[in-house]
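# Working through the structure, step by step
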Amino acid sequence: MIVDCAIYTHGHRTEGPEDLSDALDEARAAGGFVWIGLYEPSEREFDLVTEEFGLHPLAVEDALKAHQRPKLEVYADSLFMVLKPVVYEPKGDTVSAGEVMVFVGDAFVVTVRHGEGSPLAAVRHRLEEEPEMLGKGPTAVLYAISDATVDHYLEVATELQTDLEELEAEVFSPGGGGSRNTASRIYTFKRQILEFRRATVPLALPLTRLAGTGQFGGGLPFVDDKARPFFRDVNDHLARVNESVEGLDRLVSDILSAHLAQMSVRQNDDMRKISAWAAMAAVPTMIAGVYGMNFDHMPELHWLWAYPVVIVLMASLEVLLYRQFKRRGWL
């Protein structure tokens, strides 16, 4: 459905007419642009937008089906960009990603939102309070959406860093990390980072193209060349996010390996203790087994002090074994 439709002339908003073709004509005549926002539109709802703005069918298919990687594609009549805003839920320590598709033309911007966590409403409101920036045209809208999305990535990365520090303290605390759920929590956390990476890492190439750096130094249609420094700033922020995410991923892998090593050491300690107690139990068992056999001729069988001597011998051997195992750290 259409969430919002407005014409912006010299940075100031006027409500757009119901007929989208009239809105586009009015925007072009006034030297402004029309911005249409849609939320999870159906194919029938999007057909009118496609027809009036001449959107490419492949880009329309991506916008309708969603589940796309962040990307930037150039068509004859428009520029198509996909971003994945993320939402961090502190209660469940989970990261979920939505999708924002942006069509940019000579005098129009069409945004399509899927899922939650989209910054579009806040971006539109902020731009309307800054007419000078909004007066730069569709390029300003594309920049503002990209900037808001990446800035929120920084906030999510900070939250994940805090959660990782808490998990790290739990695993390496004295006597900690022994819970059966610890490995599951670490793996779940790694899955959240993977979800975050899917949103941030592929976005580097589109922003590099918009910034006009490296091998993608050529200009893009429908994007003002004067906006390149601003996109470079967004790209720098994204690079910080990706470095942070990469570091988080490595740390989580190291924490998981350390936890598994701790569990292995604990199991070895338990096995050594069990073996030590089994060895101590074997000595009196062996002696008792010998005297339990039905033989007439046995050493000191009829001696008066035979029983006390055997008991003292077993106790002495037990004390000797206990001291040896204790000295070696088995008990």
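Refer to the structure above for everything that follows.
Predicted, not measured: the structure shown is a model, and the values here were computed from it.

Conventions used here
- Residues numbered from 1 in each chain as written.
- Predicted model: local features only at pLDDT ≥ 70, side-chain atom pairs only at ≥ 80, totals over all residues.
- Heavy atoms only, no water.
- Pairing = 2+ DSSP bridges.
- Helix = DSSP H or I, 4+ residues; strand = E, 2+ residues; numbered from the N terminus.
- Axes fitted to C-alpha atoms, helices over the stretch in contact; angles between N-to-C directions.
- Contact = heavy atoms within 4.5 Å.
- Salt bridge = Lys/Arg side-chain N within 4 Å of Asp/Glu carboxyl O.
- Buried < 20%, exposed > 50% of the residue type's maximum accessible area, 1.4 Å probe, protein only.
- Phe/Tyr/Trp six-rings, centres within 6.5 Å; stacked < 30°, edge-to-face > 60°.
- Parallel < 35°, antiparallel > 145°, perpendicular 65-115°, else oblique.
- Left-handed = near helix turned anticlockwise from the far one by under 90°.
- Nonpolar A, V, L, I, M, F, W, Y, C, P; charged D, E, K, R; others polar.
- Arc of directions from axis to C-beta.

## Topic: the pairing of strand β7 (residues 94–97)
Pairing analysis gives 4 bridges linking strand β6 (residues 86–89) to β7, with the strands arranged antiparallel. Paired with Val86 across the strands is Ala97, a residue of β7. The antiparallel pairing of β6 with β7 creates a hairpin that spans 4 residues between the two strands, and Asp93 there sits at a positive phi of about 50°.

## As for the sheet that holds strand β4 (residues 71–74)
Taken in spatial order, the 7 strands make up an open sheet running β2-β1-β3-β9-β8-β5-β4, and their pairing is mixed. In this open sheet, the two edge strands, each paired with only one partner strand, are β2 (12–15) and β4. Each strand of the sheet is rotated relative to its neighbour by a mean of 20°, with strand direction disregarded. Relative to strand β8 (residues 99–104), strand β5 (residues 79–83) is paired through 5 bridges, and the arrangement is antiparallel. Its bridge partner being in β8, Leu79 is matched across the sheet by Val104. Across the sheet, helix α1 (residues 20–29) is in contact with β1 (2–9), β3 (33–39) and β9 (108–114); its angle to β3 comes to roughly 145°. Those strands touched by helix α6 (residues 138–172) are β3, β5, β8 and β9, and its axis lies near 15° from that of β5.

## Focus on the pattern of salt bridges
All told, the structure shown has 12 salt bridges when counted by the stated rule. With a shortest N-O distance of 3.2 Å, Glu73 and Lys71 are connected by a salt bridge. Given a relative accessible area of 23%, Glu73 falls into the partly exposed group. In this structure, the salt-bridge partner of Lys84 is Glu99, at a minimum N-O distance of 3.7 Å. In this pair, Lys84 sits in the loop between β5 and β6 while Glu99 sits in strand β8, placing the two residues 15 residues apart along the sequence. One salt-bridge network, in which partners are shared between bridges, spans Asp4, Arg13, Arg124 and Glu128.

## With respect to helix α8 (residues 204–211)
Residues of α8 that are buried include every one of Pro206, Leu207, Thr208, Leu210 and Ala211, and no others. Positive backbone phi, at 70°, marks Gly212, one or two positions downstream of α8.

## Details of the packing of aromatic side chains
The tally for this structure, following the rule as stated, stands at 8 aromatic pairs. Summarising the aromatic geometry, the rings of Tyr8 and Trp35 are spaced 6.2 Å apart at their centres and angled 50° between planes, so their arrangement reads as tilted. Within this pair, whereas Tyr8 is found in strand β1, its partner Trp35 is found in strand β3, the two being separated by 27 residues in sequence. Taken together, a centroid distance of 5.8 Å and an interplanar angle of 75° make the contact between Tyr153 and Phe196 edge-to-face.

## Observations regarding the environment of Ala23
Structurally, Ala23 can be placed in helix α1. Classification of Ala23 by relative accessible area gives buried; the value is 0%. In this structure the C-alpha to C-alpha distance between Ala23 and Val34, which are 11 residues apart in sequence, comes to 6.6 Å.

## Describing the packing of helix α4 (residues 120–128) against α6
For the pair α4 and α6, interaxial distance at closest approach is 10 Å and the crossing angle is 130°. Considering the angle they form, α4 stands oblique to α6. Helix-helix and strand crossings are classified by hand; for α4 and α6 the assignment is right-handed. Contacts between α4 and α6 involve Leu120, Val123, Arg126 and Leu127 on the former and, on the latter, Ala140, Val141, Ala144, Ile145 and Ala148. Looking at the contact of α4 with α6 residue by residue, the class counts come to 8 nonpolar, no polar and 1 charged.

## Points about α1
Residue pairs three or four apart in sequence face the same way in an α-helix, which turns once every 3.6 residues. Leu20, Ser21, Ala23, Leu24 and Ala27 are the residues of α1 that are buried. In a view along the axis of α1, the buried residues occupy a sector of 160°, so they form one face of it. Packed against the buried residues of α1 are β1, β3, α2 (43–53) and β9. Two residues or fewer after α1 comes Gly31, characterised by a positive phi angle close to 75°.

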